[in-house]
Every structure is written in C-alpha cells, then in structure tokens.
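# Residue-level structural notes
What follows is the residue order along each chain.
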Amino acid sequence: TSAGGTRTATYTLTVSDFGISLNPTSTTVAVGTSTNVTVSTVTTGVAQSVTLSATGLPSGVTASFNPATINSGSSSVLTLTVAANATLDTTAFSVVGTGTTLSHSAGFSITVSATPPASGAITNGGFETGSLAGWSIAGAAESVVAAAHSGSWADRGGSTTQIGRASCRERV
C-alpha cells in the first residue's frame, strides 16, 4: 500500500500441552505377583498423542502399558510385574509421557516384598533366614552354615559340647 500506511496481521496461537498423574503413587508388591496402576492424562489446548514408558525400574520389575499410546485426556493401565527373584527393596521410578513436542513425568514408589507364606505352609523351611525363626526349639539347637542338605543353612539339633536331646518343630 502507500508509504506511511498501517499494516495489521492476525495470528492464531494454538496451545498443545498435557499433564500426567498416577493412581496410586506408591504400592507394595510381593515377589512373583503383579499390580495395576492407573495412568491419567489431561489436555491443555489441543489433544495430542502420548506414548507412555517407565524409567528407573528396579531389577526384576517390568512395566507394561495398556494401551501404550493414548490421546491426552485419556488413561492407560500400567501393569507392574515382579519376578520371583526381584530384589526386596523400595525404589522410586518415573512414568514418562512423550507427546508431540513435550514430555512430562510422574513419580512412583514400589516396595518389593517377600511372598507371605500361605496358610498352613512351613515358614523358613530351609532355615535360609540364617535363624530358627518360625520354629519351636527344645534343647540346644542352632542354625549353621555347614552340613546343609540344600541351600546355605541347616539346623543342628543338639550341642557339640554336651550330650542331650534337641528338637525343632513347626506347627502348620
């Protein structure tokens, strides 16, 4: 147009962001079992595709998402599976949502615990706790490293310095 005139431009700004949250945010899971966590997202502006992953998982714990990719504003189910040989410990890890241009994360804490004995099951049957926990002792008895039938520990009933009777019993 002519010199000294005014020009006007109109722009449209489209905001596209999302947030991520977990429910619950911590749990205790016994070895050899699994648990589910709800992963929820919210949208600010325009919805976008979000791919979910987990980082910093402890050894022996695996994560799977169903579905693994969602639209922001939707939710997914995170299944945490704990192997029988997982380390007994409490670990913090992150669930990450990777969108079109941004990533966001939410923290989670998992405590891996030993499997509780079933009702009527023998507790500490191989003496592998290194003690005689769970057993009733009569006479001199101890848990020893030597002479184990399997594993590392065994029960020695009686004394190496005295003559006498000893027994270990567990009521199931």
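One can find the structure itself at the top, above this paragraph.
A brief structural summary. (Residues numbered from 1 in each chain as written. Predicted model: local features only at pLDDT ≥ 70, side-chain atom pairs only at ≥ 80, totals over all residues. Heavy atoms only, no water.)

Grouped together as the largest cluster of nonpolar side chains are 22 residues, with contacts concentrated most on Val39, Leu80, Val82, Val95 and Ile110. If you list the elements that add at least two residues to this core, you get β1 (16-23), β3 (34-45), β4 (49-55), β5 (61-66), β7 (75-82), β8 (90-98) and β9 (103-113). No other element matches β9, which puts 4 residues into this core. The contact partners of Ile110, leaving out residues within four places of it in the chain, are Thr27, Val29, Pro58, Val61, Leu80, Val82, Asp89, Thr90, Thr91 and Phe93. (Core = buried A, V, L, I, M, F, W, Y, C linked by side-chain atoms within 4.5 Å. Buried < 20%, exposed > 50% of the residue type's maximum accessible area, 1.4 Å probe, protein only. Helix = DSSP H or I, 4+ residues; strand = E, 2+ residues; numbered from the N terminus. Contact = heavy atoms within 4.5 Å.)

Right, let's get into the sheet that holds β1. The strand order across the open sheet formed by 4 strands is β1-β3-β7-β5, and the pairing between neighbours is antiparallel. In this open sheet, the two strands that pair with only one neighbour each are β1 and β5. Mean inter-strand twist for the sheet, computed between neighbouring axes without regard to direction, equals 25°. Pairing between β5 and β7: 6 bridges, direction antiparallel. (Pairing = 2+ DSSP bridges. Axes fitted to C-alpha atoms, helices over the stretch in contact; angles between N-to-C directions.)

Right, let's get into the pairing of β4. With 3 bridges connecting them, β4 and strand β6 (residues 69-71) associate as antiparallel partners. Residue pairing for β6: Val50 is matched across the bridge by Ile70. Note: β4 against β8, 5 bridges, orientation antiparallel. In the sheet register, Thr55 faces β8, and the bridge partner there is Ser94.

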